[in-house]
Every structure is written in structure tokens, then in C-alpha cells.
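If you want the building blocks of each chain, they are given just below.
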Amino acid sequence: ANTLLRRLKSSRSRIRAREREWQDTHVDVFHSMSRLMPPPTPTHVKSRDHKDPKRSHKNITPTTLWRMLQTPLLVILIGILTALICVMVNITTKSVYPYRHSLVMPPERLGLPISTPLKLLIYVSCSVTLSCLANFVTQSLCPEAVGGGIPEVKTLLDGGYKKALVTPWTVMAKSLGLTLASASGLSVGKEGPFVHIATAIADTLMRQRLFRHLASNDAKR
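Every value quoted in this text rests on a predicted model; they were computed, and no experiment measured them. One numbering rule holds for all chains: residues counted from 1, following each sequence as written. Selection of residues for local features in this predicted model requires a pLDDT of at least 70, selection of side-chain atom pairs for listing and counting requires 80 or more, and totals for whole chains, interfaces and linings are taken over all residues. Note that the side-chain values use all heavy atoms of the structure and ignore hydrogens as well as water.

A.B. asks: Help me understand the pattern of salt bridges in this model?
C.D. replies: Any two side chains of opposite charge can pair, on the condition that their charged atoms come close. Here a salt bridge means any side-chain nitrogen of Lys or Arg lying within 4 Å of a carboxyl oxygen belonging to Asp or Glu. Evaluated as defined, the whole model comprises one salt bridge. Asp203 is the salt-bridge partner of Arg207, the closest N and O atoms lying 3.0 Å from each other. Only protein chains enter the accessibility calculation, which uses a 1.4 Å probe; a residue is then buried when its area is under 20% of its type maximum, exposed when over 50%, and partly exposed in between. According to the relative accessible area criterion, Asp203 is buried, its value standing at 6%.

Here's what the structure looks like:
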């Protein structure tokens with residue numbers, strides 16, 4: 001029992017010694033750090049680095065203001081041009097459907113009875129012709145415009161820049177190919193091609209002199 005009591009007292013004394021040592025060490029570190037830190041600046045005293053908002057507005061130059069407005073102006077232009085192309089594609093696609101319907105179902109005043117096999121042949125021929133024409137136009141103007149558009153944009157965002165994917169010829173080939181493919185009755189979506197078209201428009205605009213500053217900055221680009 002005496003041995004256990006002595007061991008218990010010695011362990012308690014060691015624990016207390018470690019605690020005192022830890023407190024002394026951390027207090028010394030705290031005081032040493034407090035000596036290195038600058039004194040707090042009073043709230044009612046203005047520091048030298050404080051900038052007056054009235055003076056900062058006077059220092060804005062036309063170049064600085066233009067750089068601030070470049071990004072929103074570019075986004076607005078991209079939206080307007082992409083919307084115009086989308087409207088043209090939709091109007092052209094919807095205008096082709098009545099023409100195809102008139103080939104299969106001619107007006108009654110013409111008095112041209114068409115059998116069902118002949119209607120089917122006309123319908124299929126029209127669809128195949130428009131599909132082949134979409135392929136021919138795309139391959140002739142810009143072979144890089146083929147595909148849905150989303151994988152190409154992802155490649156560009158990942159750093160694999162390819163100039164042929166974002167040229168004005170890409171916009172033209174993508175728009176005409178999408179119009180002919182949709183008019184032919186193919187099951188193609190418009191969201192992916194429109195994303196690719198918008199990306200090509202953005203890159204084309206950033207190559208212009210007005211927005212060249214954005215093209216030089218990778219983050220803004």
C-alpha cells in the first residue's frame with residue numbers, strides 16, 4: 001500500500017510539473033508573438049493606406065473604365081448574336097416543313113392523286129436529300145463543325161485549344177448543317193450546337209481589337 005501511494009504521488013507531481021512547463025512555454029511564445037505584432041490601430045484614426053472613395057473615383061481613367069465594361073459588353077454581344085442565329089435556324093426549319101407536306105399531300109385544287117407508296121418515296125427522298133446536303137455543306141465549309149458541340153466545348157475549357165473549332169466558318173457550317181439536319185427530320189438536338197456556336201462567336205469577338213485584353217487573360221477568357 002505504501003508503495004502504491006508513493007507511486008501515485010510521484011505520478012501526480014510529474015503531471016503537475018508537465019502542466020507548469022507547458023503553461024510557461026506557451027505563455028512565453030504568446031508574449032514573444034505579441035511583441036512582434038504591431039499595436040492595434042484605433043478605429044477613430046485613419047491609416048495611411050486608407051483610400052478616400054471620393055478620391056478613388058477621380059483616379060478612374062477611360063482605359064480602366066473600358067476594361068471594367070469589356071466583360072459585360074462582350075457577354076451581351078454574344079447573347080444577341082447567338083439569339084439571332086437561333087431565330088434564323090428556327091424560322092428556316094419551320095418554313096421547310098410545309099413544303100415537305102405539300103410534296104406528299106398536294107393541294108386538292110391540283111387534282112393530283114398520289115398513291116401511298118409514291119408518297120413514302122417522295123418523303124424519304126426529301127429527307128435523304130436534306131441529310132446529304134447537311135453533310136456536304138458541313139464537310140465543305142468546316143469539317144471541325146461536325147458533332148454535337150458539347151464535347152468540343154469541354155475540350156476547349158480543359159485547355160486543349162484548337163483554332164479550327166472556333167472560327168467564323170464554324171458558326172456558318174454549324175448553323176447551316178443544323179438547319180438542314182433538323183429540316184430533314186433527323187433526331188438532332190439544338191442545345192449542343194447552339195453552345196458551340198456561342199463559344200465560336202465569343203472567341204471570334206475576343207480576337208477583335210476592342211476585346212483583345214480579355215483574350216490575353218486566361219481566367220477572363
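Next comes the rest of the account.
A.B. asks: Would you explain the layout of surface pockets in this entry?
C.D. replies: In this approach, a probe sized like a water molecule rolls over the atoms, and the result shows the empty space that is left. Here the largest pocket defines a volume of roughly 440 Å³. Each cavity reported here is a set of points on a 1 Å grid over the protein atoms alone in which a 1.4 Å probe fits but cannot get out, each pocket an open set with protein on both sides within 12 Å along at least five of seven lines, and each lining residue one with an atom within 4 Å of a point. Lining the largest pocket are 19 residues, with Leu157, Thr199, Asp203, Met206 and Arg221 positioned closest to its centre. Comment: elements are numbered from the N terminus, with helices defined as DSSP H or I runs of at least four residues and strands as E runs of at least two. Contributions of two or more residues to the lining of the largest pocket are made by helix H3 (62-104), helix H5 (150-157) and helix H7 (191-206). Residue contributions to the lining of the largest pocket peak at five residues, all from H7. Looking at the lining of the largest pocket residue by residue, the classes come out as 12 nonpolar, three polar and four charged. Estimates place the volume of the second largest pocket at around 230 Å³. Lining the second largest pocket are 15 residues; nearest its centre among them are Thr138, Gly147, Gly177, Leu178 and Ala181. Sorting the residues of the lining of the second largest pocket by element identifies helix H4 (116-141) and helix H6 (168-183) as the ones contributing at least two each. With five residues, the single largest contributor to the lining of the second largest pocket is H6. Grid points are joined across faces, edges and corners, and a volume is the space filled by probe spheres set on the points. Ten residues, namely Ala, Val, Leu, Ile, Met, Phe, Trp, Tyr, Cys and Pro, are considered nonpolar, four, namely Asp, Glu, Lys and Arg, are considered charged, and the remaining ones, Gly among them, are considered polar.

A.B. asks: Explain the environment of Ala164 to me, please; I cannot follow it from the model alone.
C.D. replies: Here Ala164 is to be found in the loop between H5 and H6. The exposure class assigned to Ala164 is partly exposed, which follows from its relative accessible area of 26%. Separated by 20 residues in the primary sequence, Ala164 and Glu144 have C-alpha atoms spaced 6.5 Å apart. Only heavy atoms enter the contact rule, under which two residues are in contact if any of them lie within 4.5 Å. Ignoring any residue separated from it by four or fewer positions in sequence, one finds Ala164 in contact with Cys142, Glu144 and Thr170.

A.B. asks: Looking at this model, I keep getting lost on H5. Mind explaining?
C.D. replies: The periodicity of an α-helix, 3.6 residues per turn, causes residues three or four places apart in sequence to face the same way. All of the buried residues in H5 are Glu152, Val153 and Leu156. Projection of H5 onto a plane perpendicular to its axis shows the buried side chains occupying an angular sector of 95°, all on one side. Exposed positions of H5 whose direction lies more than 90 degrees from the buried face are Pro151, Lys154 and Leu157. This arc describes the spread of directions from the helix axis toward the C-beta atoms.

A.B. asks: Would you mind showing me how to read the side chain of Thr93 here?
C.D. replies: Along the chain, the position of Thr93 falls in helix H3. N or O atoms within 3.5 Å of each other form a polar contact, as long as, within protein, one can give a hydrogen and the other can take it, and as long as residues adjacent in sequence are counted only when both atoms are side-chain atoms. A distance of 2.7 Å separates a polar atom in the side chain of Thr93 from the backbone oxygen of Val89. Contact partners of Thr93, with chain neighbours within four places excluded, come to Thr179, Ser182 and Ala183.

A.B. asks: Teacher, can you tell me more about the packing of H4 against H6 here?
C.D. replies: Two quantities define a packed helix pair, namely the angle between the helix axes and the distance between the axes. Convention adopted: a line fitted to C-alpha atoms gives each axis, helices being fitted over their contacting stretch, and angles between N-to-C directions are expressed from 0 to 180 degrees. Closest axis-to-axis distance for the H4/H6 pair is 8 Å, and the angle between their directions is 175°. Considered as vectors, H4 and H6 are oriented roughly antiparallel to each other. In this structure, H4 contributes Leu130, Leu133, Ala134, Val137, Thr138 and Leu141 to the contact, and H6 contributes Trp169, Met172, Ala173, Leu176, Gly177, Leu180, Ala181 and Ala183. Across the contact of H4 with H6, the residue classes break down as 12 nonpolar, two polar and no charged. When an angle is under 35 degrees it counts as roughly parallel; over 145 it counts as roughly antiparallel; between 65 and 115 it counts as roughly perpendicular; any other value is oblique.

A.B. asks: What should I look at first to understand the nonpolar core in this one?
C.D. replies: One broad trend across soluble globular proteins is that nonpolar side chains are buried collectively. In this text, buried Ala, Val, Leu, Ile, Met, Phe, Trp, Tyr and Cys residues form a nonpolar core when linked through side-chain atoms within 4.5 Å. Leu74, Ile78, Ile85, Val171, Phe194, Ile197 and Ile201 are the most contacted members of the largest nonpolar core, which totals 20 residues. Where this core is concerned, the elements lending two or more residues are H3, H6 and H7. Examining the composition of this core, we find that eight residues originate from one element, H7, more than from any other. Counting eight residues, the second largest nonpolar core, distinct from the first, contains Ala134, Val137, Leu180 and Ala181.

A.B. asks: Is there a simple way to think about the packing of H3 against H6 in this case?
C.D. replies: Look at H3 against H6: their axes get within 9 Å of each other, and the N-to-C directions meet at 30°. As far as their axial angle goes, H6 and H3 are roughly parallel. The chirality of how H3 crosses H6 is right-handed. Note on element contacts: H6 touches H3 through Val171, Ser175, Leu178, Thr179, Ser182 and Ala183, opposite Ile85, Val89, Thr92, Thr93, Val96, Tyr97 and Arg100. In terms of residue class, the contact of H3 with H6 is built from seven nonpolar, five polar and one charged. Left-handed describes a crossing whose near helix is turned anticlockwise from the far helix by less than a right angle; the clockwise case is right-handed.

Nothing here speaks to function; it is all geometry.
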